[in-house]
Amino acid sequence: MAQTQLAILMASVALIVIGVYSAIFIDNIIKKIIGISFIEEGVNLFIVAIGYKAGGVVPILMPGMDTTWFASNAAYPLPFGLVLTSIVIGASTLAVMLALVMVLYRRYGTLSTKVMLADTSKQEEYNE
Amino acid sequence: MLEFVLCIIMVLSAILALIQKDLLKAAILTGFSGGALAVLFQILLAPDVALTQAIVGAAIVPVFIALAVKKTQRSDD
Amino acid sequence: MNELIPIMVIVPLMAALLISAFSKFNKATKIFAFVVAICLPIIPLASNYGLHYFGGYAPILDNVTNVMYHPAITYSFTFLQQIFIAIVGLLTFLVVFVYLTKYKKVSGPYLFLLFLGTAAVTAMILTDDIFHMFVFFEILALAQVGIVAASSIDYSYEMALKYMILGSIGSPIMLLGIGFLLALTGSVNVTDIATAVHNGLVDITSPVFLMSLALIFFGWLYASGLPPFHTIKSGVYSKAEPHGAALLQSFTVISMISIVLIMFRIFSTLPIFEVLIVFFSILAMILGVSLALTQTDFRRMIGFLAVGELGFIGLGIGLGTTFSLTAGLFQALNEILITALLFIGFGAIVEATNEVDTRKLGGLLAYHPKVSIMLLIGGMAMAGVPPLNGFQSKLMLVQASLNCGYPELSILAIMVSIATFVVFVKTFYTMFLKPKPKDLELENKEVPRSMIFTMGVLLIIIILLGIFPDVVTTGISNFVGGIL
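Residues numbered from 1 in each chain as written. Chains lettered and ligands numbered in written order. Predicted model: local features only at pLDDT ≥ 70, side-chain atom pairs only at ≥ 80, totals over all residues.

Visitor: Account for the overall build of chain B, with residues named and values stated.
Guide: Within chain B, the regular secondary structure consists of three helices and zero strands. When the helices and strands of chain B are placed in sequence order, the string is α-α-α. Principal axes of the C-alpha set define a box for chain B whose edges measure 40 × 20 × 10 Å. Within the span of chain B, comprising 77 residues, buried residues form 48% of the whole. Within chain B, counting contacts between residues at least 6 apart in sequence, those at least 24 apart form 52% of the total. (Helix = DSSP H or I, 4+ residues; strand = E, 2+ residues; numbered from the N terminus. Buried ≥ 20, exposed ≤ 12 C-beta atoms within 10 Å, placed from the backbone. Contact = placed C-beta atoms within 7 Å.)

Next comes the structure, spelled out in structure tokens:
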């Protein structure tokens, strides 16, 4: 089943590339933030794919299972625990960013990054 | 076989979300991508991660984005 | 008393949550925040050195391969952690004190962010677990963004959003690097990973290992504000309130050294690692000082100088000998103190004059003599004038690079120190000594007493460390001997 892992790695790389591209090149701030959430999803998918074992079982020890068989067949659960934390962190970061965008929209009336996040040092010089 | 389809759905909806002119549609497509990822986690033997991702990725994140879009503007220009 | 080790993280975290929940009781919140803040520097000084395993899972010895495995999240507490946590605790206390005396009505969320940041850096420097460090790194990034956004300076929201967007590209990339390491070794414990790398279980020339170095290094550059992130970092400092900026720079320095020490333990077998660190440090030194020369906003200038000083820390760590690592870590300690003093001092000037442009200021020596004398000493300490602490650590750095056979680096370090001195003297002259411009209206505003007290405390530590550097360097040198 190496094909599955290959496909998943390619999908996660595709998500990361799409995310980085949009975070850098797209002008609309909400789309930038959506792109950032895709980077996070790609990284999460990659880390879960590390723990995956082809033909294995879910790493939950049920009563009546043979322990040695379980140890050699279960997927590696450590990456799954990490990804759980990382998903929640990603969602909270996204929420804070969107809150900042909502405040800034009230001031500028646009979602364009070129207007919103123009170099502030230059803006101060214009004001003088 | 299912995992290939899910990978394709995920990447396609990500790309579609970013080329959408309507930001609300972009938010919904983000939810598609997150939901496909949740099923993919289930296939990768991580049911606990799949549950969290299903809630966060398919419901909470799109709702946050949709709320932000409602408070700001809907079209991308 | 090893139970005190997790308490160091738990106390500020719990205090943060309680303060934000009960912030409507103004008086009680003030007293509570003050008491907690006073505890922060005392706990690490009262605690014993040792290890703490969460959940009590002690390390397991594998009988076949004779290797120790660490199943629990481990906190290791040695002299280095003690001194840095005590200093950041003291700084938090001083900043909270300045904040509490400045405003009659305290803001719960702001105090929440200050304590949250302190808890996050404390956990980052204590932990021996690379993912645990990543989690607190993210929390720290959120706290920093909050501290910037909460300030009343123009364009602070824009700066906060910019910092956050860069951060949310930087931190998943760092997580990807951690994922590569996890795929290679199957562990997130730094001691286990380092053992696996040094025992040859990991092929150190494999592209995956190199890639993980590159990705974690990118995250480190973002965390520490080295180039290409120097502009955003100095911008963040200049958009925060002065006492907030004093705390923010200490967060930056501590997250920088805690990540770099972890990277050093894992990747030090790769020769390119040290070259990379030295390269970016030199870039930071040169860019920081040369950009500081061109600034007219003095908060921004201090921000760039602070980034330049980070380069000295990186230089010490990149050279990779015991002596140079000691020098770099000692420089980190000094920088926390000196930059905090400068930020709070210049913040006092902003408070008294409402002006940040050096061209419009002048003749302040007659109005604020105490602040100006303390700022002068602080600036001299930053530039490395004897007998202050900056001199001691920079002297050690110059000696270390000479010992390693790179006289070019020591010449460069001396030149950057001189340039720092020039920048500082130029700013000091235009602000304090040059005749007062006619259109500058100074209402006879006093600098708050709490700020003077804070600066005095920091200045005393700076002078003491300058006269007795051995108090700290011996302990740090022992620690460095342990990780090499």
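Visitor: How would you explain the overall build of chain A if you had to name every residue and give the values?
Guide: Of the regular secondary structure elements, chain A holds six helices and zero strands. When the helices and strands of chain A are listed from N to C terminus, the series reads α-α-α-α-α-α. Here chain A has a C-alpha radius of gyration of 21 Å; the compact-globule value for 128 residues is 14 Å, and the former is much larger. Projected onto the principal axes, the alpha-carbon positions of chain A cover approximately 75 × 30 × 20 Å. In chain A, which comprises 128 residues, the proportion classed as buried is 40%. Partitioning the contacts of chain A with sequence separation of at least 6, the portion at a separation of at least 24 is 59%. (Rg over C-alpha atoms; globule rule 2.2 N^0.38 Å.)

Visitor: Quick rundown of the interface of chain A and chain B? Include the residues and the values.
Guide: Between chain A and chain B, the residue contacts involve 38 residues of the former and 37 residues of the latter. Elements that contribute at least two residues to the side of chain A that touches chain B include exactly helix 1 (2-25), helix 2 (29-51) and helix 4 (78-108) of chain A. For the side of chain A that touches chain B, the element with the most residues is helix 4 of chain A, which contributes 12 residues. Residues that form the side of chain A that touches chain B fall into these classes: 29 nonpolar, seven polar and two charged. (Nonpolar A, V, L, I, M, F, W, Y, C, P; charged D, E, K, R; others polar.)

Visitor: Describe the packing of helix 5 (residues 130-149) of chain C against helix 6 (residues 156-185) of chain C, naming the residues involved and giving the relevant values.
Guide: Residues and elements named next belong to chain C. For the pair helix 5 and helix 6, the least separation of the axes is 9 Å and the interaxial angle reads 175 degrees. By the angle between their axes, helix 5 is roughly antiparallel relative to helix 6. Between helix 5 and helix 6, the contacting residues are Ile-130, Phe-131, Phe-134, Phe-137, Glu-138, Ala-141, Val-145, Val-148 and Ala-149 on the first element and Ser-156, Tyr-157, Met-159, Ala-160, Tyr-163, Met-164, Gly-167, Ser-171, Met-174, Leu-175, Ile-178 and Leu-181 on the second. Here the residues of the contact of helix 5 with helix 6 are counted per class, giving 17 nonpolar, three polar and one charged. (Axes fitted to C-alpha atoms, helices over the stretch in contact; angles between N-to-C directions. Parallel < 35°, antiparallel > 145°, perpendicular 65-115°, else oblique.)

Visitor: Report on the interface of chain A and chain C, specifying residues and quantitative values.
Guide: Accessible area lost during the coming together of the parts is what is often quoted as the interface size. Across the boundary between the two partners, chain A contributes 26 residues, which contact 24 residues of chain C. At the level of secondary structure, the elements contributing two or more residues to the side of chain A that touches chain C comprise helix 1, helix 2 and helix 4 of chain A. Top contributing element to the side of chain A that touches chain C by residue count: helix 4 of chain A, with 12 residues. Of the residues contributing to the side of chain A that touches chain C, the split by class is 20 nonpolar, four polar and two charged.

Visitor: Explain the arrangement of the chains to me, using residue names and the numbers behind them.
Guide: By contact count, the dominant pairing among the two pairs of chains in contact is that of chains A and B. Contact between chain B and chain C is absent, and the minimum C-alpha spacing across the pair is 15 Å.

Visitor: Could you give an account of the environment of C:Ala183, naming the residues involved and the relevant values?
Guide: Residue position: C:Ala183 is located in helix 6. Each C-alpha atom of the pair C:Ala183 and C:Phe209 lies 9.9 Å from the other, and the pair is 26 residues apart in sequence.

Visitor: Help me get a handle on the environment of A:Gln5, residues and values and all.
Guide: All names here are of chain A. Secondary-structure assignment places Gln-5 in helix 1. Through-space distance from the C-alpha of Gln-5 to that of Tyr-52 is 8.3 Å; in sequence the pair is 47 residues apart. Not counting residues within four places of it along the chain, the set of residues in contact with Gln-5 comprises Ala-49 and Tyr-52.

Visitor: Give me unusual backbone geometry: which residues, what numbers.
Guide: The omega torsion across C:Pro227 and C:Pro228 is 5 degrees, close enough to zero to call that bond cis. A cis amide bond links C:Pro386 with the next residue in sequence, C:Pro387, at an omega value of 5 degrees. Within the element layout of this structure, C:Pro387 appears in the loop between helix 14 (369-383) and helix 15 (389-403). For B:Leu45, which is not a glycine, the phi torsion comes out positive at approximately 70 degrees. Among the structural elements, B:Leu45 can be located in the loop between helix 2 (23-43) and helix 3 (47-71).

Visitor: Could you give me a rundown of helix 1 (residues 4-21) of chain C, with the residues and numbers involved?
Guide: All names here are of chain C. Between the first and last C-alpha of helix 1 there are 25 Å, a value that for 18 residues agrees with the 26 Å anticipated at 1.5 Å per step. Along helix 1, the sharpest kink reaches roughly 30 degrees, centred on Ile-10 and followed within four residues by the proline Pro-12. Listed in full, the buried residues belonging to helix 1 are Ile-5, Met-8, Val-9, Val-11, Pro-12, Ala-15, Ala-16 and Ile-19. On the buried face of helix 1, the contacting elements are helix 2 (26-46), strand 1 (50-53), strand 4 (74-77), helix 3 (79-102) and helix 4 (108-126). (Expected span 1.5 Å × (residues − 1). Bend = angle between axes of the 7 residues up to and from the residue.)

Visitor: Let's hear about helix 7 (residues 190-198) of chain C: which residues, and what values?
Guide: Residues and elements named next belong to chain C. For helix 7, the full list of buried residues reads Val-190, Asp-192, Ile-193 and Val-197. The arc enclosing the buried residues of helix 7, seen along the axis, measures out at 165 degrees, which places them on a common side. Its buried side turned inward, helix 7 meets strand 3 (67-69), helix 5, helix 6 and helix 10 (242-267). Of the residues flanking the end of helix 7, it is Gly-200, one or two places downstream, whose phi is positive at about 80 degrees. (Arc of directions from axis to C-beta.)

Visitor: Got a sec to walk through the environment of C:Ile418? Specific residues and values, please.
Guide: All names here are of chain C. Position of Ile-418 relative to the elements: it lies in helix 16 (residues 407-433). With 13 C-beta atoms packed within 10 Å, Ile-418 lands in the partly exposed category. Separated by 129 residues in the primary sequence, Ile-418 and Val-289 have C-alpha atoms spaced 9.9 Å apart.

Visitor: I'd like a rundown of the confidence of the model for chain B, residues and numbers included.
Guide: The pLDDT averaged across chain B works out to 91; a share of 100% of its residues lies at or above 70. Interface predicted TM-score (ipTM) for the complex: 0.92; the corresponding pTM is 0.93. (pLDDT = per-residue confidence, 0-100.)

Visitor: Requested: an account of the packing of helix 12 (residues 298-319) of chain C against helix 16 of chain C, with residues and values cited.
Guide: How two helices pack is summed up by the angle between their axes together with the distance between the axes. Residue and element names in this part refer to chain C. Closest axis-to-axis distance for the helix 12/helix 16 pair is 12 Å, and the angle between their directions is 165 degrees. One element, helix 12, and the other, helix 16, form an angle in the roughly antiparallel class. The two elements helix 12 and helix 16 meet at a crossing, and its hand is left-handed. Touching Phe-298, Met-301, Leu-305, Gly-308, Phe-312 and Leu-315 of helix 12 are Leu-409, Ala-413, Val-416, Thr-420, Val-423, Thr-427 and Met-431, all from helix 16. Considered class by class, the residues forming the contact of helix 12 with helix 16 number 10 nonpolar, three polar and no charged. (Left-handed = near helix turned anticlockwise from the far one by under 90°.)

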